[in-house]
Amino acid sequence: MKGSITMKRIYNFSAGPAVLPESVLAEAAAAVREIGDSGMSILEVSHRGKVYDPIHEEASAAILRVLGLDETEYQPLFLGGGASLQFAMVPMNFLADGQTADYVDTGTWAIKAIDDAKLYGQVNIAASSSNKRYSYVPRNLKLTPNARYLHITTNNTIEGTEWPAPPKAVSVPLVADMSSDIFARDLNYSAYDLIYAGAQKNAGPAGVTLVVIRKSFLAQANSGLPAMLSYATHAKGKSLYNTPPVFGVYVVGLVLKWIEEQGGIAAIEARNREKADIIYAALDEFPHMYEPAVTQKSDRSLMNITFRMRNPDLEPLFLDGARERRMEGLKGHRSVGGIRASVYNAFPLEGCYALAEYLGVFAARHA
Ligand code: PMP
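Residues numbered from 1 in each chain as written. Predicted model: local features only at pLDDT ≥ 70, side-chain atom pairs only at ≥ 80, totals over all residues. Heavy atoms only, no water.

Colleague: Teacher, can you tell me more about the sheet that holds strand 9 (residues 194-198) here?
Modeller: As a general point, the strands of a sheet are linked pairwise by backbone hydrogen bonds and lie either parallel or antiparallel. Ordered in space as 2-10-9-8-5-3-4, the seven strands form an open sheet in which the pairing is mixed. Across the chains shown, the open sheet's two edge strands, defined by having one partner strand only, are strand 2 (74-79) and strand 4 (122-128). Averaged over all pairs of adjacent strands, the angle between their axes in this sheet comes to 20°, without regard to strand direction. As paired strands, strand 2 and strand 10 (residues 209-214) are joined by six bridges and run antiparallel to one another. (Pairing = 2+ DSSP bridges. Helix = DSSP H or I, 4+ residues; strand = E, 2+ residues; numbered from the N terminus. Axes fitted to C-alpha atoms, helices over the stretch in contact; angles between N-to-C directions.)

In structure tokens form, the structure reads like this:
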């Protein structure tokens, strides 16, 4: 039996966990009742059995296929602990006393990664955009020769900036937190040696973290770590060293299948550009009312569109009016305030038109 989504859906602008494709929700709902004709719910199957094996293998293969990476070169992993655990695992595995890693400081999540790395070695801040409230992506990097790696945050979920492309002329391994833009853009993913992402924005439900690691980089990892904190353990066990987040992996597999049905990541990017443009254009049309947080247009995130009201007193009114139109999750992150519209891959085009229209109506009413 296939499930169906009969509820009246809101426009969910939440930064994550966030909107997922309806077809994925329907299939996952059906699988919670019974997966295939196994006589079991997906929640009940063993992680070492004939029902789960193909699900795990197919989801692993699909990650590489969608990113355009080769399995001879890269190993995908499904881990727990959120992207936040990766802030620690990366330096634990690749940094040591007396060694330096370069980090680019582009805001809240980058800082958390930096703070954890400092526990394991030297951190050089190769660039920072803190001087202008993280409203742009710094271009001039002061890199350390022979750094163990360079770490960037490709999309800054809270501030609303996004690296337009991987940084150039990097001769050391490149590590990226892609929690909020993995699978959103047709990037040159092979520029990266380690990619990590909490799944709960573009890839699936909370509880599973994706890691994709270049095998030659993995070979350089530190030894002597607790088993669960070592990438080598998980790579060797193909993410089955311990019980993986089975349901999360299953849903990630469904999301990847959906991405491929949409035409892959290039088609997804085209749609994401169209969606983001609709909202940015509406903001730029009413400059007396709205102030986009990111002025450098090339650095504006396709995923998290951040802005403030020129008159902050109007913000609660704006949010109340949005809710009346079934638009939820628009309040900016508590650390920066303002408004944030997160429009991940599965967010519908109509929702972007609905927000753009509302931005116009609100601006006219409060002119
Ligand atoms: N990095 C980025 C860019 C994020 O947006 C988030 C979560 N919003 C995190 C890391 C932390 O992820 P998690 O909650 O999965 O630990």
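Colleague: What exactly am I supposed to notice about the packing of aromatic side chains here?
Modeller: Each aromatic ring pair is characterised by the separation of its centres together with the angle its planes make. Applying the stated criterion to the full structure yields 15 aromatic pairs. Look at Phe-94 and Phe-217: their rings are 3.8 Å apart centre to centre, the planes differ by 10°, and that puts the pair in the stacked class. A residue pair is termed long-range when its members are at least 10 positions apart, and Phe-94 in helix 3 (residues 82-94) and Phe-217 in helix 5 (residues 215-218) qualify at 123 residues. Residue Phe-94 is classed as buried on the basis of its relative accessible area of 0%. By relative accessible area, which is 1% here, Phe-217 ends up buried. With centroids separated by 6.3 Å and ring planes inclined at 70°, the aromatic side chains of Tyr-290 and Phe-318 adopt a geometry described as edge-to-face. With Tyr-290 in strand 11 (residues 290-292) and Phe-318 in helix 9 (residues 315-324), the pair connects residues that are 28 residues apart, well separated along the chain. A relative accessible area of 0% places Tyr-290 in the buried class. Each member of the aromatic cluster is reached from another via a ring pair, and the members are Phe-286, Tyr-290, Phe-307, Phe-318, Tyr-358 and Phe-362. (Phe/Tyr/Trp six-rings, centres within 6.5 Å; stacked < 30°, edge-to-face > 60°. Buried < 20%, exposed > 50% of the residue type's maximum accessible area, 1.4 Å probe, protein only.)

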